[in-house]
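# Inside the fold
The primary structure of each chain is shown beneath.
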Amino acid sequence: MSGEPAEADTVTIDNASVSELGLPISARVVLMAMAGGLLGTVLMLPVLVGVPGALGLFLTDPVTRFAGFAAFFGIEPTATLGMVVFGIGGTFVLPLIFLVVGSFLPPREPRYLRGVTFATFFWTGFAPAFWPDSGALVIGVFLIVSLVGHCIYGATLGFVLDRTTGIPQHEV
């Protein structure tokens, strides 16, 4: 074993063959990741916001845990601010993180499902951060719709990136 791959897998993107271990993170890859993140954010909203809203379970009041954090920076916590932070995170921050860690996540195939694995990791932080102070039904609905919403986001992010530029691979 020389430490090098025996044979690099190749994928075809835009009629060009690219070694999976050699796809660089270019401006085009970053833009496609951000496009996938934006689309994923839009597609998850009907589940994450629409379902609880339709059931009368969704509250737009700022979560108390984050009100103190926003006040620390002299910012008034509002629903609008929450939506802006949510949009920036889903469109810019998470896609950039996915570009770096996506190659290390399961499953091996289909590659776009690595986005679901990625989003599930972030869901484990989202769930306790936005945990509702309500009964079992509200908590159950919250856990289900937030997990499904994150899976939609991750699948969309992974699919767009995999179909347009490929998920960058890194050698360690």
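Whatever comes next refers back to the structure up there.
In this report, the structure presented in the accompanying data block is examined. Sequence order sets the numbering: in each chain, residues are counted from 1 along the sequence as written. With the structure being a predicted model, the display of local features is reserved for residues of pLDDT at least 70 and the display and counting of side-chain atom pairs for 80 or more, all residues being used for whole-chain, interface and lining totals. Each side-chain value is derived from all of the structure's non-hydrogen atoms; neither hydrogens nor water enter the calculation.

## Some remarks on the packing of aromatic side chains
Aromatic rings in a pair are described by how distant their centres are and how their planes are angled relative to each other. The pairing test for Phe, Tyr and Trp rings, Trp by its six-membered ring, is centres within 6.5 Å, and the orientation test on the planes gives stacked under 30 degrees, edge-to-face over 60, and tilted for anything in between. Considering all chains together, one arrives at six aromatic pairs under this definition. Measuring from centroid to centroid gives 4.8 Å for Phe126 and Phe130, while their planes differ by 35°, and the two rings are tilted. Any residue under 20% of the maximum accessible area for its type is buried, any over 50% is exposed, and the rest in between are partly exposed; the area is computed with a 1.4 Å probe on protein chains only. When its relative accessible area of 36% is taken as the criterion, Phe130 is described as partly exposed. These aromatic residues form a ring-pair network of at least three members: Phe126, Phe130, Trp131 and Phe142.

## Quick word on the environment of Ile88
Helix and strand definitions here come from DSSP, where helices need a minimum of 4 consecutive H or I residues and strands a minimum of 2 consecutive E residues; each element is numbered from the N-terminal end. Checked against the element boundaries, Ile88 lands in helix H3 (residues 79–101). Spatially, the C-alpha atoms of Ile88 and Thr41 are 9.7 Å apart, while their sequence positions differ by 47 residues.

## A few points about helix H1 (residues 27–54)
By definition here, a helix of n residues has an expected span of 1.5 Å times n minus one. The end-to-end C-alpha distance of H1, which contains 28 residues, comes to 40 Å, matching closely the 40 Å that a straight helix rising 1.5 Å per residue would cover. In H1, a bend of some 40° at Met44 exceeds every other bend along the element, and Pro46, a proline, comes one to four places later. For H1, the complete set of buried residues consists of Val29, Ala33, Met34, Gly36, Gly37, Gly40, Thr41, Met44, Val47, Leu48 and Pro52. The contact criterion used throughout is that any non-hydrogen atoms of two residues lie within 4.5 Å. Looking at the buried side of H1, the elements it contacts are H3, helix H4 (114–129) and helix H5 (136–164). Of the residues flanking the end of H1, it is Gly56, one or two places downstream, whose phi is positive at about 75°. Note on bend: the value at a residue is the angle between axes fitted to the seven residues ending there and to the seven starting there.

## Quick look at unusual backbone geometry
Negative phi values dominate among residues other than glycine, just as trans dominates among peptide bonds. Residues Pro106 and Pro107 are joined by a peptide bond in cis, for which omega reads 0°. Within the secondary structure layout, Pro107 lies in the loop between H3 and H4. The residue after Glu109, namely Pro110, is reached through a cis peptide bond having omega -10°. By the element assignment, Pro110 lies in the loop between H3 and H4.

## Some words on the side chain of Arg114
Position of Arg114 relative to the elements: it lies in helix H4. Residue classification places Arg114 among the buried positions, given a relative accessible area of 4%. With residues near it in sequence (within four places) discarded, Arg114 still touches Phe98, Gly102, Ser103, Leu105, Pro106, Pro107, Arg108 and Gln169.

## Structural notes on H3
Counted at 1.5 Å a residue, the expected span for H3 with its 23 residues is 33 Å, and the 31 Å between its end C-alpha atoms agrees. Along H3, the largest kink reaches about 40° and is centred on Gly89. For H3, the full list of buried residues reads Gly89, Gly90, Thr91, Leu94, Pro95, Phe98 and Leu99. Buried positions along H3 lie against H1, H4 and H5.

## A look at the pattern of salt bridges
Salt bridges are defined as contacts in which a side-chain nitrogen from Lys or Arg sits within 4 Å of a carboxyl oxygen from Asp or Glu. Overall, the coordinates contain one salt bridge when judged by the stated rule. Among the salt bridges present, the one from Arg111 reaches Asp162, with a minimum N-O distance of 3.8 Å. Placement of the pair is Arg111 in the loop between H3 and H4 and Asp162 in helix H5, with a sequence separation of 51 residues. Both residues of the pair, Arg111 and Asp162, count as buried.

## With respect to the nonpolar core
One broad trend across soluble globular proteins is that nonpolar side chains are buried collectively. Judged by nonpolar contacts, the single largest core of 18 residues is most densely connected at Phe98, Leu99, Phe118, Phe126, Tyr153, Leu157 and Leu161. Elements supplying a minimum of two residues to this core: H1, H3, H4 and H5. Ranked by the residues each element gives to this core, the list is headed by H4, at five residues. Residues belong to a common nonpolar core when they are buried Ala, Val, Leu, Ile, Met, Phe, Trp, Tyr or Cys residues joined through side-chain atoms within 4.5 Å.

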